[in-house]
Amino acid sequence: MRTTRHTDDGGGTGPMDGAEGSKGIGGRVLRNEDARLVSGRGQFLGDIAMPGIRDVAFLRSPVAHARIAGIDIPDDIRAFVHTAEDFEGVAPIRATAGVPGFKSSDYPALAKGKVRFVGEPVALCVAPSRAEAEDIAQQIFVDYDELPAVVDMDAALERGAATVHDDWGGNLVCELKIDQGDMAEAEAAAAHRVEGEYRLSRQAGVPLEGRGVLAYRDHRLDELVVYSSTQFPHVIRTILAECIGIEERRLRVVAPDVGGGFGVKNNLQPEEIALAALAMRVDHPVRWLEDRREHLLGCAHAREHRYHLVGHVDERGRILAVDARIRVDAGAYSVWPWTAAMEAGMAAGILVGPYDIRTYRARAATIATTKTPMGPYRGVARTGACFGIERLIDDIAAAVGRDPAEVRLENMVRPEQMPYRTVTNKVFDSGDYPESLRRAVEAIGRDAVAGREAEALADGVRIGVGVASYTEQTAHGTEEWVARGLPVIFGYEPATARMTPDGGLVLEVGIQNHGQGLETTLAQVAHQELGIDPAKVAVRHGDSSLSPYGMGTFASRSMVMAGGAVGLACERLREKMLKIAAHLMQVADPTEVMLLDGRAVAGNRSVGFGEIGAAACLHPERLPPGLDPGLEVTAVYQPGVGSGAFSYATHAVRVAVDPELGTVRLLDYVVAHDCGTVVNPMVVEGQIVGGVAQGIGTALYEEIPYDEHGQPLASTLMDYLLPGATEVPDIRVIHTCSPSPHTSYGIKGLGEGGAIAPPAAIANAINEALRPLGARLDETPISPARIRAAVRAARAGKREAAS
Amino acid sequence: MKPASFDYYRARDLDVATAVLAEHEGAARILAGGQSLVPMLNLRLAPVAMLVDVGDIAELRQGARDGDGVRIGACVTHAAIEDGAVPDATRGLLGRVAAGIAYRAIRTRGTIGGSLALADPAAEWPVTMLALDATVRVHGPHGKRDIAMRDMVLGAYTTAVEEAEIVESIAVPALSAGARHGVFKVCRKTGEYAASIGVAVSDREAGRHALALGGLTGGPARLGRVERRLSEIEAWSAETGEAIREAAVADLAERDDEMSEDERGLHAATAVRTVKDMIAP
Amino acid sequence: MTRVAFTLNGRPVSVEVEPRTHLADLLRDALGQTATHLGCEHGVCGACTILIDGEPARSCIALPVALQGRDVRTLEGLREDPQMLALMEAFREEHGLQCGFCTPGMLITLRDLLRRRPDIDEATVRLELGGNLCRCTGYQGIVRAALRAARHPSFADARGE
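Residues numbered from 1 in each chain as written. Chains lettered and ligands numbered in written order. Predicted model: local features only at pLDDT ≥ 70, side-chain atom pairs only at ≥ 80, totals over all residues. Heavy atoms only, no water.

### Observations concerning the overall build of chain B
Now for step 1: Along the backbone of chain B there are eleven helices and 14 strands.
Now for step 2: For 281 residues, the compact-globule estimate of 2.2 N^0.38 gives 19 Å, and chain B sits close to it at 19 Å.
Now for step 3: Its C-alpha atoms give chain B principal-axis dimensions of roughly 60 × 40 × 35 Å.
Now for step 4: Residues counted as buried form 59% of the 281 residues belonging to chain B. (Helix = DSSP H or I, 4+ residues; strand = E, 2+ residues; numbered from the N terminus. Rg over C-alpha atoms; globule rule 2.2 N^0.38 Å. Buried < 20%, exposed > 50% of the residue type's maximum accessible area, 1.4 Å probe, protein only.)

Structure representation (structure tokens):
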């Protein structure tokens, strides 16, 4: 860890003790981006006005699986309709994974020959308004030769199931196998065999702003400009250029203000290809704004995992081995760049959680179905894996008759084992996992856990407490992405730091800020290095023509990666500033100069940043001899290791369950969290609480069920429930700090963490509440209907047992 | 998500409005608050050639005392009832029900007449008005007629209102000073449509006891066996609850013998909780 | 097309609209008022909440043809309003926004709530926010911002405190 850094926060020993009042790392600095957003002056994709722009509506498949026998387009609208045959030469999305046996699929921008899910784009319609484009879409007749839908992932693997991709000979995309330790020995030594099937249902990401693309040709610059509501504009430029056959220098991709992403805007989208290809063929700007129904049907889905787990444990609940069969419903196609294989591979890789488990067998199957492709969503596979292992641990605790928290402590990796290499080769860098568990349990009420209180309240309402712990691999670098076999290796981030002649600072970064507060937190890093007021730092991002090539915002990476890059760039900028300042003040030794509050200070002499900027940019005659003019540094940052910085937490929740109505109320929710060095506690808490709210959605509300014909049954927000302000309790966050030894400032990522544990913690709490009734809930969302069914089944079981 | 084209007609009075409706033979729809209709239009789920806007007809926007009771114009908004902007003869029941409908920004536009005419099975007003023995007045090509709430809702989204008729007002009888009422809804989240909803009224002075349930297939229903029990209940106890439940299960079985065990259990629980809300809130 | 005249943010406007065009599209596309956002277009998410005759309404399910003579106000017309300014400042102080997409609808809803309900507490704020979805914040910052703004003189004075 670097320890010698400039700091202005009161003579501390290093940057990590920045007080909340500081403007640097650790300070609760209010956000720079708020001024425009809070006054409604943000510029989201749909806010961009452009003369002559036309709207696009997609005609989407109404059936799950069919051959397209023909598309009949009336002559009077033919000119405004584009189908696959009009997009000759446009390449499909083809994501390939390094996993042995992985089957690739072509995911065309507009369906070719076959449709494979309800919502798949079939034709594109252009008109002066979206309403008219939808009118045109309604006049197109597509002749579908329907094929059997492939709806259930387990049934999809059975002999005789219809195949999603004709040339595959089955629906298995790939299977990953892990065999570590001696399973037979563990089985023989075990006092108990605990088995369970745990399932997360299919859901959507639902950023409040849908996706959107706007494209036009800029003839002056001879380039195609594509605005997209995306999390990674540079990477999109690369793959988009490839798909539509244009040189990258002639393509600019811009992400304007983005109204939430959460991973679902982190894929190459068929609509991006279609709009870019369209803009190359017409003479006016075009835009497509995803509406909510399109989002629920056509944007990548998430979470549909099944875990069949067997734990072999001793009489105290010490886990001797875990045997896992994991299935992931990847839908019809692989999304780029992640591929269909990522979820299952990741789930198998992290299933053992924060626990010291040395014997582990996993079979992780990725299965194609005629449903919307699955892609990354906040937490990605971590949420499913956490649900599996944390539910299993509670079942183990019940089997051995111990407190679930005690069983967790029994198995958890201990601080003295750090750095700890897991049975699947993940390297936990630092932290005290048991401490987070102890703190969460203490905060939620130890008595509640220890006493197994479950007394019936009014109307038969029952109380339960549940906990779930996890680790969150963040900011993983080259080594991890290479191991995952992805087409792009997200190992670094760049930053350019440029001082303006008047002493302000511009940071140009390759990430994309869509709510994370990076226009402020990166400015705080600059303050840490340069002593400049964060309010005087402009953070520019989200534009492939603006900053050096960067990877984007996902995988809880931006603060570590872009923060590291800004830190490096500013550190180098500082060296030059000190030389110039020393020269201007006639101080012989630049090391005697300090940067403080926008000034360079040496003893009782000082110059403002404006004088330094002016010398560098406007007055080379004022510079020390031999020093180049200009004040601009580009730096690229890679963390010390590629294996990531591991944040971790324990969530604890107290619930009230009404067994008769099936309703659940969250009475209290605690997160005991450690993400290393906190750059801005306000932003960190916001990320955690927001993540928990999404996790509550997964646990209790959000689901896109499909009927046997492959029809999705939730296509509006009337059927697809999102948690509102009464469904999310006030969440209490407890921070501890174990800096990462591998990253600048000891920062760890944390964007996804909040969404990982809620389904597990809430399910554990509900199961505890209902255990006296004999009811079990192992599938999300734990809806009133599912609870009532479980209670009814338990009663029927009891009646049967009694008779 | 934009509607297909339709024409628009702003009606100045009810006669003109019914004439336009009649002319379009089922292809015209009435626009009141639009809070249910316009979403359906946006989703292109409701083909409509013509919208007849009755929102500017002043008489529909008024509520006034009518004998002991109150007559509420069809275009009175939920928010107006919530805020007490129209007189109340129900000891606060209407205000309480109104305040629980969807969200404020819906309540400021959505109307009581629109809710009754749409007859969403999960909606608050049909079940509430059924419990109150209210009467709907409709205006049609052949004049006005009154429809008792018991005869109003024929099923989900189906009412006794004819094609060219417009709901004009609803007459709500008064409750006595000592009357009590209870409301209970089973919703997964705030403002969401209820899976089950109950409204109970107990007016000893008038000898009237009512329990209406909504969320049922086929429209809201009164539960006769439960209502007969209501007259006997003095205080709440577990036994009372069980008695209500038994009566509700019998009523529900009689009404719909295809109802699943789960639905029956849920609605019976709603009946119990509604009565409990009335007696021991 | 039908001509409709109404007041937008205190100024008269007169526009030709198709009957099917909803108010949010008219505001955003034809009138360039893009502070009003569209999150669902079927009246659930609350991002498009504006004021019609001073009362909050969903602009995605309001038809301009039916708004002849009405008074429409969007966030653009409330940027100088002392109560709105107090709310905006509270949102910043309490981190009541992340991506900012739901924020204009939240602000319009809360300004109305704080004017209408002097008895404001956390439970009331949460209940009344039920019709405004936020996917980023988990609502905590928004609720705190509302409670903070309620103490601001622009609201407290209006309540006669």
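### Re the interface of chain C and chain A
Now for step 1: Facing 44 residues of chain C, the contacting portion of chain A comprises 55 residues.
Now for step 2: Of the roughly 4000 Å² buried between chain C and chain A on both sides combined, carbon and sulfur atoms contribute 54%.
Now for step 3: The largest per-residue losses of area from chain C upon contact with chain A belong to Arg92, His95 and Arg135 of chain C, which jointly make up 21% of the total buried on that side.
Now for step 4: At the boundary of chain C and chain A, one finds seven salt bridges.
Now for step 5: Here chain C and chain A share 23 residue pairs in polar contact (both at pLDDT 80 or more) between them.
Now for step 6: Listed by contribution, the elements that provide at least two residues to the side of chain C that touches chain A are helix H1 (23-30), helix H2 (82-93), helix H3 (103-116), helix H4 (122-128) and helix H5 (140-150) of chain C.
Now for step 7: Top element by residues in the side of chain C that touches chain A is H2 of chain C. It accounts for four residues.
Now for step 8: The residue makeup of the side of chain C that touches chain A, split by class, is 21 nonpolar, eleven polar and twelve charged. (Contact = heavy atoms within 4.5 Å. Buried area = accessible area lost by both parts, 1.4 Å probe. Salt bridge = Lys/Arg side-chain N within 4 Å of Asp/Glu carboxyl O. Polar contact = N/O pair within 3.5 Å; in protein donor to acceptor, adjacent residues only side chain to side chain. Nonpolar A, V, L, I, M, F, W, Y, C, P; charged D, E, K, R; others polar.)

### Observations regarding the interface of chain B and chain A
Now for step 1: Taken together, the contact pairs 23 residues of chain B with 29 residues of chain A.
Now for step 2: Summing the contributions of chain B and of chain A, the shared interface buries around 2300 Å²; its carbon and sulfur component is 51%.
Now for step 3: Interface area lost by chain B to chain A is led by Met1, Arg188 and Arg273 of chain B, which between them contribute 31%.
Now for step 4: Our enumeration of links across chain B and chain A arrives at nine salt bridges.

### Structural notes on unusual backbone geometry
Now for step 1: In this chain, Met418 of chain A is followed by Pro419 of chain A through a cis amide linkage whose omega measures -10 degrees.
Now for step 2: By secondary structure assignment, the location of Pro419 of chain A is in the loop between helix H10 (404-411) and strand S16 (420-421).
Now for step 3: For the bond from Thr780 of chain A to Pro781 of chain A, the omega torsion is -15 degrees, close enough to zero to count as cis.
Now for step 4: With respect to the secondary-structure elements, Pro781 of chain A resides in the loop between helix H17 (758-770) and helix H18 (784-802).
Now for step 5: In this model, Ala102 of chain B sits at a positive phi of 40 degrees, which is unusual for a non-glycine residue.

### Comments concerning the nonpolar core
Now for step 1: If you look at the biggest cluster of nonpolar residues, it comprises 227 residues, and the most contacted ones within it are Leu351, Tyr360, Leu700, Leu717 and Ile766 of chain A together with Phe91 of chain C.
Now for step 2: At ten residues, helix H9 (residues 381-400) of chain A tops the list of elements feeding residues into this core.
Now for step 3: When near neighbours in sequence (up to four residues on either side) are disregarded, Leu717 of chain A contacts Val206, Arg292, Leu296 and Leu722 of chain A together with Cys40, His42, Val44, Cys45 and Leu133 of chain C.
Now for step 4: Grouped together as the second largest cluster of nonpolar side chains are 52 residues, Ala602, Ala635, Tyr745 and Ile747 of chain A included. (Core = buried A, V, L, I, M, F, W, Y, C linked by side-chain atoms within 4.5 Å.)

### Re the sheet that holds strand S11 (residues 180-186) of chain B
Residues and elements named next belong to chain B.
Now for step 1: Sheet architecture is open: four strands sit in the order S11-S12-S13-S14, paired in antiparallel fashion. Unpaired on one side and paired on the other, S11 and strand S14 (221-222) mark the two borders of the sheet.
Now for step 2: Inspection of the sheet shows strand S13 (residues 208-214) paired to S14 by two bridges, in the antiparallel sense. Looking at the pairing, Ala212 lines up with Arg222 of S14.
Now for step 3: Each of S11, strand S12 (196-203), S13 and S14 is contacted by helix H7 (residues 124-131), which is oriented at about 160 degrees to S13, the strand it contacts most. (Pairing = 2+ DSSP bridges. Axes fitted to C-alpha atoms, helices over the stretch in contact; angles between N-to-C directions.)

### Here's the deal with the environment of Leu43 of chain B
Now for step 1: Along the chain, Leu43 of chain B falls in the loop between helix H2 (37-42) and strand S3 (50-53).
Now for step 2: Sequence-wise, Leu43 of chain B and Ala4 of chain B are 39 residues apart; in three dimensions their C-alpha atoms are separated by 9.1 Å.
Now for step 3: Beyond its immediate sequence surroundings of up to four residues, Leu43 of chain B is in contact with Arg293, Thr716 and Met718 of chain A, Met1 of chain B together with His42 of chain C.

### Focus: the environment of Ala247 of chain B
Residues and elements named next belong to chain B.
Now for step 1: Tracing the sequence through the fold places Ala247 in helix H10 (residues 238-255).
Now for step 2: According to the relative accessible area criterion, Ala247 is buried, its value standing at 7%.
Now for step 3: Along the primary structure Ala247 and Leu223 are separated by 24 residues, whereas in three dimensions their C-alpha atoms are 8.2 Å apart.
Now for step 4: In this view, Ala247 contacts Arg225, Val226 and Arg229; residues no more than four positions away in its chain are not counted.

### Quick notes on the state of the cysteines
Residue and element names in this part refer to chain C.
Now for step 1: Enumeration according to the criterion identifies zero disulfides over all chains in this entry.
Now for step 2: Not engaged in a disulfide, the cysteine Cys40 finds its nearest cysteine sulfur in Cys45; these two sulfurs lie 4.0 Å apart.
Now for step 3: Not engaged in a disulfide, the cysteine Cys99 finds its nearest cysteine sulfur in Cys136; these two sulfurs lie 3.8 Å apart. (Disulfide = S-S within 2.5 Å.)

### Examining the sheet that holds S3 of chain B
In a beta sheet, neighbouring strands are held together by backbone hydrogen bonds and run either parallel or antiparallel to one another.
Residues and elements named next belong to chain B.
Now for step 1: One open sheet accounts for three strands, arranged S1-S3-S2; its pairing is parallel. Of all the strands in the sheet, just strand S1 (7-10) and strand S2 (28-31) have a single pairing partner and so form its edges. Each strand of the sheet is rotated relative to its neighbour by a mean of 25 degrees, with strand direction disregarded.
Now for step 2: Inspection of the sheet shows S1 paired to S3 by four bridges, in the parallel sense.

### A few points about the packing of H2 of chain C against H5 of chain C
Residue and element names in this part refer to chain C.
Now for step 1: Across the interface, H2 lies against H5 with an axial gap of 8 Å and an inter-helix angle of 135 degrees. With respect to their mutual orientation, H2 and H5 come out oblique. Every pair of crossing elements has a handedness; the one defined by H2 and H5 is right-handed. Contact residues: H2 offers Ala86, Leu87, Ala90, Phe91 and Glu93, while H5 offers Ile142, Ala145, Arg148 and Ala149.
Now for step 2: Across the contact of H2 with H5, the residue classes tally to seven nonpolar, no polar and two charged. (Parallel < 35°, antiparallel > 145°, perpendicular 65-115°, else oblique. Left-handed = near helix turned anticlockwise from the far one by under 90°.)

### Observations regarding H5 of chain C
Now for step 1: By the criterion of burial, H5 of chain C is predominantly enclosed, with eight of the eleven residues buried.
Now for step 2: All buried positions along H5 of chain C are accounted for by Gln140, Gly141, Ile142, Val143, Ala145, Ala146, Ala149 and Ala150 of chain C.
Now for step 3: Next to the buried residues of H5 of chain C lie helix H16 (681-701) and strand S28 (731-736) of chain A together with H2, H3, H4 and helix H6 (153-156) of chain C.

### Some thoughts on the confidence of the model for chain C
Now for step 1: Averaged over every residue, the pLDDT of chain C is 96; residues scoring 70 or more account for 98%.
Now for step 2: Interface confidence in the predicted complex, given as ipTM, is 0.97; pTM for the same model is 0.97. (pLDDT = per-residue confidence, 0-100.)

### Notes on the packing of aromatic side chains
How two aromatic rings sit relative to each other is set out by the distance from centre to centre and by the angle between their planes.
Residue and element names in this part refer to chain A.
Now for step 1: For the coordinates displayed, the defined rule picks out 16 aromatic pairs over all chains.
Now for step 2: Look at Tyr107 and Phe117: their rings are 6.4 Å apart centre to centre, the planes differ by 75 degrees, and that puts the pair in the edge-to-face class. Taken together, the residues span a long stretch of sequence, with Tyr107 in the loop between strand S3 (81-83) and strand S4 (114-115) and Phe117 in the loop between S4 and strand S5 (121-127) at a distance of ten residues. In this structure, Tyr107 and Phe117 share a single accessibility class: buried.
Now for step 3: Plain terms: the ring middles of Tyr433 and Tyr648 are 4.6 Å apart, the flat faces sit at 50 degrees to each other, and that makes the pair tilted. Of this pair, Tyr433 sits in helix H11 (residues 433-451) while Tyr648 sits in strand S26 (residues 645-658), placing them 215 residues apart in sequence. The two residues Tyr433 and Tyr648 agree in class, both being buried.
Now for step 4: Here Arg484 stacks its cationic end above the ring of Trp481, 4.8 Å away from the centre of that ring. (Phe/Tyr/Trp six-rings, centres within 6.5 Å; stacked < 30°, edge-to-face > 60°. Lys NZ or Arg CZ within 6 Å of the ring centre and 35° of its normal.)

### Structural notes on the side chain of Asp314 of chain A
All names here are of chain A.
Now for step 1: When you line up the elements, Asp314 lands in the loop between strand S13 (305-313) and strand S14 (319-331).
Now for step 2: Of the buried charged residues, Asp314 lacks a salt bridge, with Arg316 as the closest side chain of opposite charge at 6.0 Å.
Now for step 3: Looking at Asp314, its side chain comes within polar contact range of the main-chain nitrogen of Arg316, at 2.8 Å.
Now for step 4: Of note is the side chain of Asp314, whose polar atom sits 2.9 Å from the backbone nitrogen of Arg318.
Now for step 5: Residues contacting Asp314, with those up to four places away along its chain left out, are Ala191, His192, Leu320 and Val400. (Lys, Arg positive; Asp, Glu negative; His and termini not counted.)

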